[in-house]
Structure formats: structure tokens, C-alpha cells
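An overview of the molecular structure
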Amino acid sequence: MIPIKTESEIDVMAQGGAVLATILRACAALAAPGVTLLDIDATARALCKKYGVEPAFLGYRPDGASHPYPAAVCASLNDVVVHGVPYHRQLRSGDVLKIDMGVIYQGLYTDSATTVAIGPVAPLTRRLIASTRSALEAGIAATKVGGHVGDIGYAVERQARKDGFFVLRGLTGHGVGYELHEDPVIFNYGKRHAGPVLKEGMVIAIEPMLAVSSPDIVQNDDESYSSADGSMTAHFEHTIALTSHGRRVLT
Ligand code: MG
Ligand code: MG
């Protein structure tokens, strides 16, 4: 069952999403050599307080997780693509940091992620980050009322392939709003005109996760996920609503 949000709920999600975007931008701006992953998490928590939103990941326990999530952001470095738990590690020039965050505002969830290059990074890494951003844009452009969920994954993977990179299998986007993760599952690959039909009032998180040279993932001891071959990864995510006026990026 894919939940349908009212226009006024989507307006509230847009307000929460705007705050989330502000917090993510601040965290990304802070990310520099010498700053720790814990500093970034502390900033995210402080800004949640300042702006009157709740961090959605803190205390979140998905099915199969061994314990509740202990931080406001996921901070995933280099080959780690998602669910990296912030720790005392200092950022270094050449690192690639993925910051993923959700907030709850007036009971409604939004979800977004960005990738930050720390200092100068290799040209291949720069291309990977640009390709992942383009894949998100392609996925958003393929999101329309009357279209299919498969159109989104098709567009995402087409961009990744065109650029010579790999969509990481087994990690997906999702519906979002009343909960952090709702139906439908948004794969980063797919067939056009396949899967559920996109309808007005649906809100989804599209989140391409790409790697340089592997489509496979491995799970680490802290429950984060890495590319199986250790190659560099990138991740971008937005929350998007389907409205009577077309698609609306909320984050
Ligand atoms: Mg996210
Ligand atoms: Mg998400």
C-alpha cells in the first residue's frame, strides 16, 4: 500500500525538507581536513534543536538491526556508501564523505543525502560524484504522475552506465512521510513502464548510490555498507512529492 499525502501534509514536509537542506548544507560546509565525523553529527544535532526539528535517524531501528541508531547523521567515508556511524575519525584531504540525514517536522519525515569531496580528490572520484548527482537529477526528471517507479531506476542506471560507473545493488530509495521508510521501494535500476504507477500525493526518496568498479556491496561490523571491491562510492538523495502542479523537490 503506497501512502498518499494531502497537499497540506506536503506543504509541511516542504517546510521540514527546507530545514533539512539547510542543516545538510551547514554540515557539508563544515566538512574539511581535521574535522571529525562526531563534529559533523554534533552540528547536525545542534541545528535540529535550533530549527525545531527532530533527527529522524537517532534511535531508529530498522528490521534486522542489532541496536537503535546512535547518531543524527550517517557519515560514510570512501568505500563506505551508507549507514556509516559517526566516530572520532578526522577527515583528511582526499576523503569522500557521504552525509545522510532525515528529520521529523510536525510528525512528518523527509530524507536527504549529499557527497562532499574533502580537499582535492582524484579526477575519477570527481567524475563519480558528478555522475551520481546527475543520476539523481535523471531520476527526478523521470518522476511524474502517471509514470512508473521503474522509470526512475531506469533513468538512474542509464546515467551511471553512460558515465562508466556501477549502481550498487541491494540499496534502494523508498516512500517517505508518515514513516522514514514506506512503500514503494525505489530501485536504482529498472525497466521503463514497470512497477507501481506514480500518483498525485505520493512522496518518495530517490537516492542513487554508485561505485567506481563494483555493483556488489558488503556489510561491515557497524552495519554500514561498502562497495565489495573497496572502490570509491558516492550518494545523493532528495525527497520528492508528486503534486497536481507536477513534481516538487522538498529537500
Ligand atoms: Mg537518507
Ligand atoms: Mg533514504
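Refer to the preceding data block for the structure.
Residues numbered from 1 in each chain as written. Chains lettered and ligands numbered in written order. Predicted model: local features only at pLDDT ≥ 70, side-chain atom pairs only at ≥ 80, totals over all residues. Heavy atoms only, no water.

**What to know about the packing of helix α3 (residues 123–141) against helix α4 (residues 149–162)**
- Packing of α3 against α4 brings their axes to within 8 Å, and their N-to-C directions diverge by 155 degrees. Comparing the axis directions of α3 and α4 gives the class roughly antiparallel. By crossing handedness, the relation of α3 to α4 is classed as right-handed. Together, S131, S134, A135, A138 and G139 of α3 and I152, A155, V156, Q159 and A160 of α4 make up the contact between the two elements.
- Here the contact of α3 with α4 is built from residues that sort into six nonpolar, four polar and no charged. (Axes fitted to C-alpha atoms, helices over the stretch in contact; angles between N-to-C directions. Helix = DSSP H or I, 4+ residues; strand = E, 2+ residues; numbered from the N terminus. Parallel < 35°, antiparallel > 145°, perpendicular 65-115°, else oblique. Left-handed = near helix turned anticlockwise from the far one by under 90°. Contact = heavy atoms within 4.5 Å. Nonpolar A, V, L, I, M, F, W, Y, C, P; charged D, E, K, R; others polar.)

**Side note on the sheet that holds strand β7 (residues 173–175)**
- The strand order across the open sheet formed by five strands is β8-β7-β9-β14-β15, and the pairing between neighbours is antiparallel. The sheet terminates laterally at β8 (182–186) and β15 (246–249), the two strands that pair on one side only. Put simply, the sheet's adjacent strands are angled 25 degrees from each other on average, direction ignored.
- With four bridges joining them, strand β14 (residues 238–243) and β15 adopt antiparallel strand pairing. Across the sheet, residue I240 finds its bridge partner in β15, namely V249.
- Most of the contacts of helix α1 (residues 7–30) go to β14, to which it runs at about 155 degrees, and overall it touches β9 (203–206), β14 and β15. (Pairing = 2+ DSSP bridges.)

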